[in-house]
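Observations on the three-dimensional arrangement
Chain by chain, the residues:
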Amino acid sequence: EPPTLTQARVAPGARAKYTKLLVLGISADRETRHRFEDKLATHLRGRSVAAVTSYSIVEDLTRPESREVVLAALERENVDGILTVRAVSMDGSSEEEWSKAWAAWLDAPATIKELVERSIPVPAKPAKNYGAEISLWDVGSGKRPWCARSTVYKREKLREAASGLMQDTIARLRE
């Protein structure tokens, strides 16, 4: 069964076209982060959208100073959107609990700055199980016009599923 997103939400009145996106993978697993970012950046560039990978700006998200480097890059890169892929530790949480927490997060006002402040630095110790949360942030409005989440994967499976998840993400964003 190919990896897919289980839930997605499009905000009413969402902007349809972006010219330059920063792709920000939020994960302690360097290989998974690179796969997420590379796959999305490649697809975006193939659709005439300039895409910048965050790992080319800040290599290690486990360091305390990483948060400030990412926040500075959000300002400096002159992008009109940010596409985040966040690996969420599922150790100690059920799929149902995560679904409820994700829905509550979507219903609350949030900004990319708050997500970065809450998520970086990432814990250096990897979890056994992860889910992926993917969000498109509009820099102008500061809102999330589109969000989705995956099912839960073992750490190794998430790495293998990265390509398929990112293909599903691009397909859904095109819709």
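Structural notes, computed from the coordinates. (Residues numbered from 1 in each chain as written. Predicted model: local features only at pLDDT ≥ 70, side-chain atom pairs only at ≥ 80, totals over all residues. Heavy atoms only, no water.)

**Things to note about the packing of helix 2 (residues 66-76) against helix 4 (residues 112-119)**
Using the following cut-off: As a rule, the C-alpha atoms of each element are fitted with a line to give its axis, helices using only the stretch in contact, and angles between N-to-C directions run from 0 to 180 degrees. Strands here mean DSSP runs of E at least two residues long; helices mean DSSP runs of H or I at least four residues long; both are numbered from the N terminus. Under this scheme an angle from 65 to 115 degrees is roughly perpendicular, one under 35 degrees roughly parallel, and one over 145 degrees roughly antiparallel; angles in between are oblique. Crossing chirality is assigned from the near helix's rotation relative to the far helix, an anticlockwise turn below a right angle marking it left-handed and a clockwise turn marking it right-handed. By definition in these notes, contact holds between two residues if any of their heavy atoms fall within 4.5 Å. Side-chain classes are defined by residue name, with Ala, Val, Leu, Ile, Met, Phe, Trp, Tyr, Cys and Pro counting as nonpolar, Asp, Glu, Lys and Arg as charged, and the others, Gly among them, as polar.
For the pair helix 2 and helix 4, interaxial distance at closest approach is 9 Å and the crossing angle is 165°. Between helix 2 and helix 4, the interaxial angle falls into the category roughly antiparallel. Pair helix 2 / helix 4 crosses with right-handed handedness. Taking contact as the criterion, the partners of R67, V70, L71 and L74 in helix 2 are, on helix 4, I112, K113, V116 and E117. Of the residues that constitute the contact of helix 2 with helix 4, the class distribution is five nonpolar, no polar and three charged.

**Some words on the packing of aromatic side chains**
As a reminder, the rule being used: Centre distance within 6.5 Å is the pairing criterion for rings of Phe, Tyr and Trp, where only the six-membered ring of Trp is used; planes under 30 degrees apart are then read as stacked, over 60 as edge-to-face, and the remainder as tilted. Only protein chains enter the area calculation, which uses a 1.4 Å probe; residues under 20% of their type maximum are buried, those over 50% are exposed, and those in between are partly exposed. Throughout this description, the term charge over a ring refers to an Arg CZ or Lys NZ atom that lies within 6 Å of the ring centre and within 35 degrees of the ring normal.
Using the criterion set out here, one finds one aromatic pair in the structure. On the numbers, 6.1 Å between centres and 70° between planes, the contact of W105 with W137 is edge-to-face. Here the residue W105 occupies a position in helix 3 (residues 95-107), and W137 occupies one in strand 5 (residues 129-138), the gap between them amounting to 32 residues. A relative accessible area of 13% places W105 in the buried class. Given the relative accessible area of 1%, W137 is considered buried. The ring of W105 has R144 sitting right over it, with the charged end atom 4.3 Å from the ring centre.

**A word on the pairing of strand 3 (residues 50-53)**
Regular strands have side chains that alternate between both faces of the sheet. Under the convention used in this document: The pairing criterion is simple: DSSP has to find at least two bridges between the two strands. Looking down the strands as they point away from you, a crossover is right-handed if its path from the first strand over the helix to the second goes clockwise.
Across four bridges, strand 2 (residues 20-26) lies against strand 3 in parallel orientation. For L22, the partnering residue across the bridge sits in strand 3 and is V52. Handedness of the strand 2-helix 1 (residues 30-46)-strand 3 crossover: right-handed.

**Description of the side chain of E37**
Which entries qualify depends on this criterion: Contacts described as polar in this section are N or O atom pairs within 3.5 Å, which, within protein, must combine one atom able to donate a hydrogen with one able to accept it, while residues neighboring in sequence count only if both atoms come from side chains.
Summarising the element assignment, E37 is placed in helix 1. Only 3.0 Å separates the side chain of E37 from the backbone nitrogen of Y55, close enough to count as a polar contact. The residues contacting E37, other than those within four sequence positions of it, are V23, L24, G25, T53, S54 and Y55.

**Points about helix 1**
Selection rule: A helix is expected to span 1.5 Å multiplied by its residue count minus one. It is the directions from the helix axis to the C-beta atoms that the arc portrays.
Relative to the 24 Å expected for 17 residues at 1.5 Å per residue, helix 1 spans 24 Å between its end C-alpha atoms, a close match to the ideal helical length. Residues of helix 1 that are buried: T32, R33, F36, E37, L40, A41, H43 and L44. The buried residues of helix 1 occupy an angular sector of 165° when projected down its axis, which confines them to one face. Exposed side chains of helix 1 directed beyond 90 degrees from the buried face belong to T42 and G46. Buried positions along helix 1 lie against strand 2, strand 3, strand 4 (81-89), strand 5 and helix 5 (155-174). At the N-terminal end of helix 1, a side-chain oxygen is found 3.1 Å from the backbone nitrogen of E31, two or three residues along, and the residue is D29. Once helix 1 ends, the next one or two residues include S48, with phi positive near 60°.

**Quick notes on the nonpolar core**
Selection criterion: In these notes, a set of buried Ala, Val, Leu, Ile, Met, Phe, Trp, Tyr and Cys residues joined through side-chain atoms within 4.5 Å is what counts as a nonpolar core.
Core analysis: the biggest nonpolar cluster contains 27 residues, and F36, L40, L44, I134, L158, L165 and M166 have the highest contact counts within it. For this core, the elements supplying multiple residues, two or more each, are strand 2, helix 1, strand 4, strand 5, strand 6 (146-150) and helix 5. Ranked by residues supplied to this core, first place goes to helix 5 with six residues. Once you skip the residues sitting within four places of it in the chain, I134 turns out to touch L5, L83, T84, V85, W146, C147, A148, M166 and T169. Grouped together as the second largest cluster of nonpolar side chains are 22 residues, V52, L74, L115 and V122 included.

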